[in-house]
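Residue-level listing of the chains:
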Amino acid sequence: MATTTPDRLPASKGRKLADPQLLKRRYAAEKRYQAYGILAILLGFTFLVMLFTSIISNGWSAFLQSKMTLDVELVPDEVAPDGKTDPDSLRRGNYTKLAREALYRKLGFEKRPDRRTRRQIHGLLSRGVDVQIRDKVIADPSLIGQTVKVDLLAHGNVDALLKGSIDRATPSDRRQLDDQQVAWVDQLVADGSLRKAFNWGLFTQGASSQPETAGLLVALIGSFFMMLTVACLAVPLGVAAAAYLEEFAPKNWFTDVIEVNINNLAAVPSIVFGLLGLAVFIAMFGLPRSASLVGGLVLTLMTLPTVIIATRAAIRAVPPSIREAALGVGASKMQTLFHHTLPLALPGILTGTIIGLVQALGETAPLLMIGMVAFVVDAPSTPLEPATALPVQIYMWATSAERGFVERTAGATIVLLLFLFVMNAAAVILRRRFERKW
């Protein structure tokens, strides 16, 4: 039987394959596609660099806060006017007056200045200084009657001036701080009384209408409670549902409908889950509005399809020979699942679970629908108390008009991105740690 070799191809085909113009066009098309791919990568990388540059340049200053060291005289008549030193009585002290008088003395005013000067001086101190002094006195009532050094928060405008957000070249009548206030700020900086320090309050304080006293504590605790709820509900329910559908459920029209709906739920807009949570958990079951538990339940519903789909894919990737070998030596289906299939599918399950948690951590729309935009000052101690979440806190700060909240918004975004980066890194590490090659 005759065979056709390359040197005996028909003349027409040989000429077509050897056509230099055709080869040139093919090579040119290949280079164009490569150029398009490189251009797409460079364009995406450029936008990513621009995004992170914008966030970091606006947010790094949120981790610093201007503080003023003053010698505060804790006058007994102002701290404890009724003579009692229990916490409830000490909370009624006039600590703002003590802080202002300490600043008068620091600026060289031996007598009480006139009203206009007092108003200018008051604009250098945060409105939250009374809480700082009060907490110090409640922690140690023996300080009453003494003069103590206290690091007090400067006003948000002073903080913005020191960080360069307020341009000194701007005319005084259009600047948040007039020339006299700027001179006082320079005087306090020169003698070391006013300085920038790490802003621990960003992580230890709750909501506030003043940017210098606003923090992420409530949002961090609320996010923790919600992620705990999601992890405790979505993971076992999702893994169990995936294991049943993949290993035990009969293949019929009913299970086909379930699979189609699970895939569809993964693409449903997140705000729909917020409406569902509002109608079911709050309106029907009467759970408290703005509670972390409700937010966790809503995010659980949203995360379940992701966990189920990822777990089914991980179980399906386990070689059938593993199941056949286990069943061949007498293991039951349940033993095969728990002793062989699930352990081998663990890397994929962990990856899908962490990706679902990361998605839930960054959601805002469903939490807005269930009222987690409440102004919460005190940190919640249980999931049933009002709270907020990191992305919701970022949204609320972004809608505030004060200049100081701009850096707070970017700073909170950096914190959220760090959490997302750590969780994604954990998914990669766990997958490589438990992954097996077949």
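Note: the structure precedes this text.
Residues numbered from 1 in each chain as written. Predicted model: local features only at pLDDT ≥ 70, side-chain atom pairs only at ≥ 80, totals over all residues. Heavy atoms only, no water.

Bringing the nonpolar core into the picture now. Counting residues in hydrophobic clusters, the biggest one holds 44 residues, and the most contacted among them are Met227, Leu299 and Leu367. Among the elements of the structure, helix H11 (217-248), helix H13 (270-284), helix H14 (292-316), helix H16 (333-361), helix H18 (390-398) and helix H19 (404-434) are those that each provide at least two residues to this core. Here this core takes eight residues from H19, the largest share from any one element. Those residues in contact with Leu367 that lie beyond four places of it in its chain are Met226, Gly295, Leu299, Met372, Ala389 and Val392. Residues Val72, Ile144, Ile166 and Leu194 belong to the second largest nonpolar core, which totals 36 residues. (Core = buried A, V, L, I, M, F, W, Y, C linked by side-chain atoms within 4.5 Å. Buried < 20%, exposed > 50% of the residue type's maximum accessible area, 1.4 Å probe, protein only. Helix = DSSP H or I, 4+ residues; strand = E, 2+ residues; numbered from the N terminus. Contact = heavy atoms within 4.5 Å.)

Two modes of strand pairing occur in sheets, parallel and antiparallel, and in both the strands are linked by backbone hydrogen bonds. The strand order across the open sheet formed by three strands is E2-E1-E3, and the pairing between neighbours is antiparallel. Two strands close off the open sheet at either side, each with one partner strand: strand E2 (147-153) and strand E3 (194-198). Ignoring strand direction, the axes of neighbouring strands in this sheet form an average angle of 40°. As paired elements, strand E1 (residues 64-73) and E3 share five bridges and run antiparallel to each other. Bridge assignment links Lys67 to a residue of E3, and that residue is Arg195. The strands touched by helix H5 (residues 95-106) within the sheet are E1 and E2, with E1 carrying the most contacts at an inclination of about 90°. Taken strand by strand, helix H7 (residues 129-139) contacts E1 and E2, and its axis lies near 140° from that of E2. (Pairing = 2+ DSSP bridges. Axes fitted to C-alpha atoms, helices over the stretch in contact; angles between N-to-C directions.)

To continue, consider the packing of aromatic side chains. Summed over all chains, the structure comprises seven aromatic pairs. Summarising the aromatic geometry, the rings of Phe198 and Trp200 are spaced 4.6 Å apart at their centres and angled 65° between planes, so their arrangement reads as edge-to-face. Judged by its relative accessible area of 35%, Phe198 is partly exposed. Residue classification places Trp200 among the exposed residues on the basis of a relative accessible area of 58%. (Phe/Tyr/Trp six-rings, centres within 6.5 Å; stacked < 30°, edge-to-face > 60°.)

Let us now look at H14. For H14, which comprises 25 residues, the first-to-last C-alpha distance of 35 Å matches the rise-based estimate of 36 Å (1.5 Å per residue) to within 8%. For H14, the principal kink sits at Thr303 and spans about 35°; a proline, Pro305, occurs within the next four residues. (Expected span 1.5 Å × (residues − 1). Bend = angle between axes of the 7 residues up to and from the residue.)

We now examine the packing of H5 against helix H6 (residues 115-122). Interhelical geometry of H5 versus H6 gives an angle of 105° and a closest axis separation of 10 Å. On the basis of the axis angle, H5 is roughly perpendicular to H6. For the pair H5 and H6, contact is made by Arg100, Leu103 and Tyr104 and by Arg118, Ile121 and His122, respectively. Of the residues contributing to the contact of H5 with H6, the split by class is three nonpolar, one polar and two charged. (Parallel < 35°, antiparallel > 145°, perpendicular 65-115°, else oblique. Nonpolar A, V, L, I, M, F, W, Y, C, P; charged D, E, K, R; others polar.)

Enumeration over the complete set of coordinates arrives at 15 salt bridges. The partner of Arg168 in a salt bridge is Asp186, and the shortest N-O contact between them spans 2.8 Å. Remark: Asp186 occurs in helix H9 (residues 179-190) and Arg168 occurs in the loop between helix H8 (156-162) and H9; sequence separation between them is 18 residues. Its relative accessible area of 42% is what places Arg168 among the partly exposed residues. In this structure, Glu407 engages Arg408 in a salt bridge whose closest nitrogen and oxygen atoms are separated by 3.4 Å. Across the pair, exposure class does not vary: Glu407 and Arg408 are buried alike. Each member of the salt-bridge network shares a partner with another, and the members are Asp159, Lys163, Glu407 and Arg408. (Salt bridge = Lys/Arg side-chain N within 4 Å of Asp/Glu carboxyl O.)

So, on to a nonpolar patch on the surface. A contiguous nonpolar patch, built from Phe45, Leu48, Val49, Leu51, Phe52, Ile56 and Trp60 and spanning about 680 Å² of accessible area, is present on the exposed surface. By the secondary structure assignment, Leu51 is in helix H2 (residues 20-59). (Patch = residues over 30% accessible without salt bridge, like charges linked within 9 Å, V, L, I, M, F, W, Y side chains within 5 Å. Areas by Shrake-Rupley, 256 points an atom, 1.4 Å probe, with all protein chains shown as cover.)

Time to look at the side chain of Thr336. If you trace the backbone, Thr336 turns up in helix H16. A residue is classified by how much of its surface remains accessible, and Thr336, at 5% relative accessible area, is buried. A polar contact is formed between the side chain of Thr336 and the backbone oxygen of Ser332, at a distance of 2.8 Å. Ignoring anything within four residues of it in the chain, the contact list for Thr336 reads Arg323, Ala326, Leu327, Ala331 and Thr341. (Polar contact = N/O pair within 3.5 Å; in protein donor to acceptor, adjacent residues only side chain to side chain.)

Here we take up the environment of Pro391. Mapping Pro391 onto the fold places it in helix H18. We classify Pro391 as buried; its relative accessible area is 6%. Residues contacting Pro391, with those up to four places away along its chain left out, are Leu361, Gly362, Glu363 and Thr364.

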